[in-house]
Amino acid sequence: MLLTWLYVPGDRPDRFAKAVASGADAVILDLEDAVVAGRKAYAREAVAEFLGEAHPVPVQVRVNELTGPDVEADQTAVAGRPGLAGLRLPKVESAATVAALAARVDTPLHPLVESALGLESAYAIASAHPSVASIGLGEADLRSDLGVSDDDGLLWARGRVVVAARAAGLAPPAMSVYADVADADGLAASCAVGRRLGFLGRTAIHPRQLPVIVEAFRPAAREVDRAAELLAAVAEAERRDSGTVVLPDGRFADRAMVAAARRVVDLAARYGA
């Protein structure tokens, strides 16, 4: 249950160590959109060198499009590197491409849905192979493909990806990046919408976005108190050898509520409340 992932252009090795030390839960070194064609080879070598050793936080690599000319070189460069925690796969549109890649590489895979066709296959992609560790949206490309200009136009797409992830047994997905680095209020408001839809955490493009994301997604003190109250009632029911859990206010609690309460408590322990 990580809340923050920080993207770093793959051709900026001067930023790699800083990103690892930024406080982000994980770092994504980007070989795709953040790197122009003429610098792909340089970025690939820089990323491979940095992944020559393990780092204190997971470091993933976003490779180039699976149907494009650069992805094979990307995979070859980072395969088996001690610091590689997984591959982000852009513009995925079918389960078959994910399964084919999983047969060739031994690392967690994180497909990104960025088109209408990919969205239609979201569950199939999420369940394509045991190596799939998460699924997410690439919202900039999806906006263009769908012809929408604001977040309201993405509500259905966001909800579909959340449902696909959970139906496939994956953790709740993280939200896509918020492009306006200077707009902390807008980022917080967007995160609040995503949290209500079932997202957990968000990818970032600048370290200044990290505390805003954590504040938006970590449980509030009231949530933690209610979760602790529920878990105490569960413990009391177990002590009485009873399968019925009743809260002090008279509400009954079922197993789904208990699982949600445990997640709240775990998140609060990690991030504070």
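Here's what I pulled together on the structure shown here. (Residues numbered from 1 in each chain as written. Predicted model: local features only at pLDDT ≥ 70, side-chain atom pairs only at ≥ 80, totals over all residues. Heavy atoms only, no water.)

Notes on the packing of helix α2 (residues 40-50) against helix α3 (residues 71-78)
Next up, step 1: Their axes nearest at 9 Å, the elements α2 and α3 cross at an angle of 25°. Relative to α3, the element α2 is oriented roughly parallel. In the crossing of α2 with α3, the sense of the turn from one axis to the other is right-handed. Within the contact between the two elements, α2 uses Arg 44, Val 47 and Ala 48 and α3 uses Ala 73, Asp 74, Ala 77 and Val 78. (Axes fitted to C-alpha atoms, helices over the stretch in contact; angles between N-to-C directions. Helix = DSSP H or I, 4+ residues; strand = E, 2+ residues; numbered from the N terminus. Parallel < 35°, antiparallel > 145°, perpendicular 65-115°, else oblique. Left-handed = near helix turned anticlockwise from the far one by under 90°. Contact = heavy atoms within 4.5 Å.)

Observations concerning the pairing of strand β4 (residues 84-89)
Next up, step 1: In terms of residue burial, β4 counts as a mostly covered element, since five of its six residues are buried.
Next up, step 2: For strand β3 (residues 59-62) and β4, the ladder comprises four bridges, and the chain directions are parallel. If you follow Gln 60 over to β4, its bridge partner there is Gly 86.
Next up, step 3: For the segment spanning β3, α3 and β4, crossover handedness is right-handed. (Buried < 20%, exposed > 50% of the residue type's maximum accessible area, 1.4 Å probe, protein only. Pairing = 2+ DSSP bridges. Right-handed = clockwise from strand over helix to strand, strands pointing away.)

Some thoughts on the pairing of strand β5 (residues 109-113)
Next up, step 1: In terms of burial, β5 is a largely internal element, five of the five residues being buried.
Next up, step 2: Residues Leu 109, Pro 111 and Val 113 point to one face of β5 and His 110 and Leu 112 to the other, with burial holding for every one of them.
Next up, step 3: Pairing of β4 with β5, which is carried by three bridges, proceeds in the parallel orientation. Along β5, the bridge assignment pairs Leu 89 with Pro 111.
Next up, step 4: A crossover connection joins β4 to the parallel β5 through helix α4 (residues 95-102); in handedness this β-α-β unit is right-handed.
Next up, step 5: Across two bridges, the pairing between β5 and strand β6 (residues 136-137) is parallel. Its bridge partner lying in β6, Val 113 is registered against Leu 137.

Such coordinate-based values are descriptive only and should not be taken to indicate function.
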